[in-house]
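Chain by chain, the residues run as shown.
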Amino acid sequence: MPQGSGNADGAHSVRSATGYMPVENYGLIGNMRTSALVATDGGIDMMCWPDFDSPSVFARMLDKDKGGHFSVGPAAGQLCTTKQQYLPSSNILQTRHLHEDGVMNVIDFFPRPNSNTADAAYHEKVVHGKQRGELCKGHDERPDLKKWLVRRVESLRGEVDVEVELFPAFNYAQDKHTTEIDNEGHHATFKSENLSLSCTIAINDGDNNVALKQPIVTFSKESSSNHLGDGVTARFRLLEGQSVAFILNDSQDTLPQNITTAMVDEVEKTTHKFWVRWIAQSKYYGRWESFVTRSLFILKLLTYEPTGAIVAAPTFSLPEDFGGARNWDYRYSWVRDSSFTIYIFLRMGFKFEAEAYTSFIFQRITEIKIKTGPLPIMFTIRGEPDIPEIELTHLEGYRASKPVRIGNGAAFHLQLDIYGELMDGIYLSNRLGKPISYDQWLSVRDITDYVCQIWQEKDMSIWEVRNAKQNFVYSKIMLWVAVDRALRLAEKRCFPCPQRQEWYRVRDQIMEEVMEKGYNKELGAFIQSYEANEMLDSAVLIAPLVFFVAPNDPRFLGTLDRILKAPEKGGLTSTGLVYRYNSAKSDDGVGGREGAFSMCTFWLVEALTRAGAYENKYLPQAVTMFENILSFGNHLRMFSEEIARSGEQLGNTPQAFSHLALISAAFNLDRTLGGR
């Protein structure tokens, strides 16, 4: 599907029928502090303020009545064809509504300053700070960053009738608020106990043609029994060339006294220049470049600039099955993502982002070393490990998918695989980015000694199961990676290594044990765990990607062939999409169904690619499967966590790991095809 295509008529009918838009009918905008999801019908249905993990202000995606929203679109009754796309080389979103009598254009973005010098200076503060987000607060925050949400609507042709609705729902729709309108109806302020937001109208009359009357746009209060405070609405007509901008900001941040559309236009131009300059760093020029470029844009939007942390997704509690209970909060930074994140950013030419993320991770290691104990599997965007899980029982959930959860109970899980991802990330950072310091090496040494002590323990592994701990094969492979990368690093940098022989012994022992207990000879495949020795798990596809096993090893090729079978035939692949494991047969402590995993499908593509370098039959399969999974991205080439049996997107969106795995698969597949 060409990027930006799409017709919202079907989406409108879905909204009318259920109150909810499909997950794939959204685009993402952001400023590396927070983000918002904009639906194809012009509704902002998910936004937390002022940061990714702050309470939501708009969350209509999770409760069609109470959640709160900010809508800008055609007046009711107008049947329009809708096209949504990003402006070239940017994260500025354009939603265009077309009908016979006129064309309405809505531009949505968070402003960004365009200064290479200021970016570099702020980056230095981040990597040399404690990376707990102090830069977000007080005088140390960037003075050139406007913390605004800008929504600009214009008539490109003919006359258009516009309808605006702004109904905030503070603190996950739990806090009451007051609403005040002043400045002749051009300014609305919403005050809750802990947060106050303002929305200001800026009006432009096109070419200053005196024959054209300036559009009359004013806010009107409107009450709703579903919300804990009044909202505001505005209904107006725009003539060709006229535009109106709505600027939402924290009421404590003072806007210019007379904000004009010329000022808004300049902010938009500056923001566009920033994004053009940023993406120009990309070193990717291969096949599927448009998908890789959009994935890079999304990963940047998921970065929390004051610390360098990257959230797994900017949303929370979007279901892995419609009506099911697999609803989790992904607005945090997982250690597991570290190696993929560092690898992708460095490979693609984005050194600032890789360095900031590496620094963030090392800061966490230093803090845990002081406190002692295992490394947490995730942190908040400020590096805090305490993330209690809470259920918001007053929200109905997306399409009645309960419970709605914030926080994440998996933060307290024992998941030993994270040491492998962490050490792989550090190794890649040293090889492709800046060399690590001696003090950082001492931290690596301590971690490796710890891994050698605990590698035989059971854990809850990558899928964060909520039942009994097991000897998961994926975890054992990644523990092998942890020791292997430490040994490689010691050799490459000639670092002192008192336990070198013990490390060699443990590394060899882990591999031998996995080959003996983690491989089922009858199945001819690697299995999920020593305990579940007849259960497949697509996580083991990581094995050749981390060089645990050769991609053409018969044991791995047997696993590959088994996973490629349909679930009803003992495999994990259906219509070219890959499931994590057979949830109908595996008791993971959660229950319910789930969709195919986008990340696992991209892993399978990369595994087929690596096998295809030696076995000809696998490379065409890799291309076919890659093209197939790309077709399940939305009209903006955005991927959620999972894909339903119906083909709809499922889970939190966009998911960082899906896009990281997409880039890695594209890079390796393009390189292998080029070699042929």
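Just so you know, these numbers come straight off a predicted model, no measurement behind them.

Parameters at a glance
- Residues numbered from 1 in each chain as written.
- Predicted model: local features only at pLDDT ≥ 70, side-chain atom pairs only at ≥ 80, totals over all residues.
- Heavy atoms only, no water.
- pLDDT = per-residue confidence, 0-100.
- Contact = heavy atoms within 4.5 Å.
- Buried < 20%, exposed > 50% of the residue type's maximum accessible area, 1.4 Å probe, protein only.
- Helix = DSSP H or I, 4+ residues; strand = E, 2+ residues; numbered from the N terminus.
- Pairing = 2+ DSSP bridges.
- Axes fitted to C-alpha atoms, helices over the stretch in contact; angles between N-to-C directions.
- Parallel < 35°, antiparallel > 145°, perpendicular 65-115°, else oblique.
- Left-handed = near helix turned anticlockwise from the far one by under 90°.
- Polar contact = N/O pair within 3.5 Å; in protein donor to acceptor, adjacent residues only side chain to side chain.
- Salt bridge = Lys/Arg side-chain N within 4 Å of Asp/Glu carboxyl O.
- Phe/Tyr/Trp six-rings, centres within 6.5 Å; stacked < 30°, edge-to-face > 60°.
- Lys NZ or Arg CZ within 6 Å of the ring centre and 35° of its normal.

Asks: Help me understand the confidence of the model for the protein in this model?
Replies: Close inspection of predicted coordinates is inappropriate in any region flagged by low pLDDT. The predicted model of the protein has a mean per-residue pLDDT of 92, with 93% of residues at 70 or higher. Predicted confidence for residues 5–11 stays below pLDDT 50, and this span has 14 contacts to residues more than four positions away or in other chains.

Asks: Help me out: how do you make sense of the pairing of strand β12 (residues 187–192) in this one?
Replies: On a regular strand, one side chain projects to one face of the sheet and the next to the other, so that they alternate. Burial of β12 is extensive: five of the six residues sit out of reach of the surface. Bridge count for strand β11 (residues 177–182) against β12 is six bridges, and the pairing is antiparallel. Considered in β12, the bridge of Thr-178 is made with Lys-191. In sequence, β11 turns back onto β12 through a hairpin of four residues, with Asn-183 there showing a positive phi of about 55°.

Asks: Explain unusual backbone geometry here, please?
Replies: A negative phi holds for most residues other than glycine; trans holds for most peptide bonds. The step from Trp-49 to Pro-50 runs through a cis peptide bond, and the omega angle for that step is 5°. Put simply, Thr-653 and Pro-654 share a cis peptide bond, and its omega is -20°. Within the secondary structure layout, Pro-654 lies in the loop between β29 (649–650) and α16 (656–675). Look at Arg-399: it is not a glycine, yet its phi comes out positive at around 50°. Looking at where Arg-399 falls in the secondary structure, it is placed in the loop between β21 (390–391) and β22 (405–406).

Asks: Please clarify how the sheet that holds strand β7 (residues 93–99) should be interpreted in this entry.
Replies: Each strand in a sheet pairs with its neighbour through backbone hydrogen bonds, running either in the same direction (parallel) or in the opposite one (antiparallel). Read from one edge to the other, the open sheet built from eight strands follows the order β6-β7-β8-β9-β16-β13-β12-β11, with strand pairing classed as antiparallel. A strand with exactly one partner marks an edge of an open sheet, and here the two such strands are β6 (81–86) and β11. Strand after strand, the sheet turns through a mean of 15° between neighbouring axes, direction not considered. Both β6 and β7 contribute to a ladder of six bridges, which runs antiparallel. Bridge assignment links Thr-81 to a residue of β7, and that residue is Leu-98.

Asks: What am I meant to see in the sheet that holds strand β27 (residues 596–597) here?
Replies: Reading across from one edge, β27-β28-β29 is the order of the three strands in this open sheet, with antiparallel pairing throughout. Where the open sheet ends on each side, the last strands, each with one partner, are β27 and β29. For β27 and strand β28 (residues 642–643), the ladder comprises two bridges, and the chain directions are antiparallel. Bridge pairing in β28 links Ala-596 to Ile-643.

Asks: Which parts of the structure should I look at to understand the packing of helix α10 (residues 473–493) against helix α11 (residues 500–517)?
Replies: A pair of packed helices is captured by two measures, namely the crossing angle of their axes and the spacing between those axes. Running from N to C, α10 and α11 point in directions that differ by 150°, and their axes come no closer than 9 Å. When the axis of α10 is compared with that of α11, the two are roughly antiparallel. As α10 packs across α11, the resulting crossing turns out to be left-handed. Residue-level inspection shows Val-473, Lys-476, Ile-477, Leu-479, Trp-480, Val-483, Asp-484, Ala-486, Leu-487, Ala-490 and Glu-491 of α10 in contact with α11, the latter providing Arg-500, Trp-503, Tyr-504, Val-506, Arg-507, Ile-510, Met-511, Glu-513 and Val-514.

Asks: For this particular structure, what's the right way to read the side chain of Ser-282?
Replies: Looking at the secondary structure, you find Ser-282 in the loop between α4 (261–279) and α5 (289–301). Residue Ser-282 is classed as buried on the basis of its relative accessible area of 9%. Within polar-contact distance, the side chain of Ser-282 engages the backbone nitrogen of Tyr-284 at 3.2 Å. The contact partners of Ser-282, leaving out residues within four places of it in the chain, are Leu-296, Met-348 and Phe-350.

Asks: I'm lost on the pattern of salt bridges in this one. Help?
Replies: Charged atoms that come close allow side chains of opposite charge to pair. The tally for this structure, following the rule as stated, stands at 38 salt bridges. A salt bridge links Asp-41 to Arg-15; its shortest N-O distance comes to 3.0 Å. In this pair, Asp-41 sits in the loop between β2 (35–39) and β3 (43–48) while Arg-15 sits in helix α1 (residues 8–18), placing the two residues 26 residues apart along the sequence. Given the relative accessible area of 12%, Asp-41 is considered buried. Assessed through its relative accessible area of 13%, Arg-15 is described here as buried. One salt bridge in this structure joins Lys-64 and Asp-65, with 3.8 Å as the shortest N-O distance. What emerges from the salt-bridge pattern is a single network uniting Arg-33, Arg-112, Asp-119, Arg-142, Asp-144, Arg-277 and Glu-305.

Asks: Help me out: how do you make sense of the packing of aromatic side chains in this one?
Replies: Applying the stated criterion to the full structure yields 30 aromatic pairs. The interplanar angle of 85° and the centroid separation of 6.1 Å between the aromatic rings of Trp-275 and Trp-278 together place this pair among those described as edge-to-face. A residue pair is termed a helical-turn pair when its members lie 3 or 4 positions apart in one helix, as Trp-275 and Trp-278 do in helix α4 at three residues. For Trp-278, a relative accessible area of 4% translates into the label buried. Ring geometry for Trp-278 against Phe-350: centres 4.4 Å apart, planes inclined by 25°, an arrangement best described as stacked. With Trp-278 in helix α4 and Phe-350 in the loop between α6 (338–348) and α7 (351–371), this residue pair connects regions lying 72 residues apart in the sequence. Judged by relative accessible area, Phe-350 falls into the buried class, the value being 0%. Linked through ring pairs, Phe-274, Trp-275, Trp-278, Phe-297, Phe-345 and Phe-350 together constitute an aromatic cluster. Between the NZ or CZ atom of Arg-399 and the centre of the ring of Phe-322, over which it lies, the distance is 3.8 Å. The ring centre of Tyr-519 lies 4.5 Å from the NZ or CZ of Arg-555, which sits over that ring.

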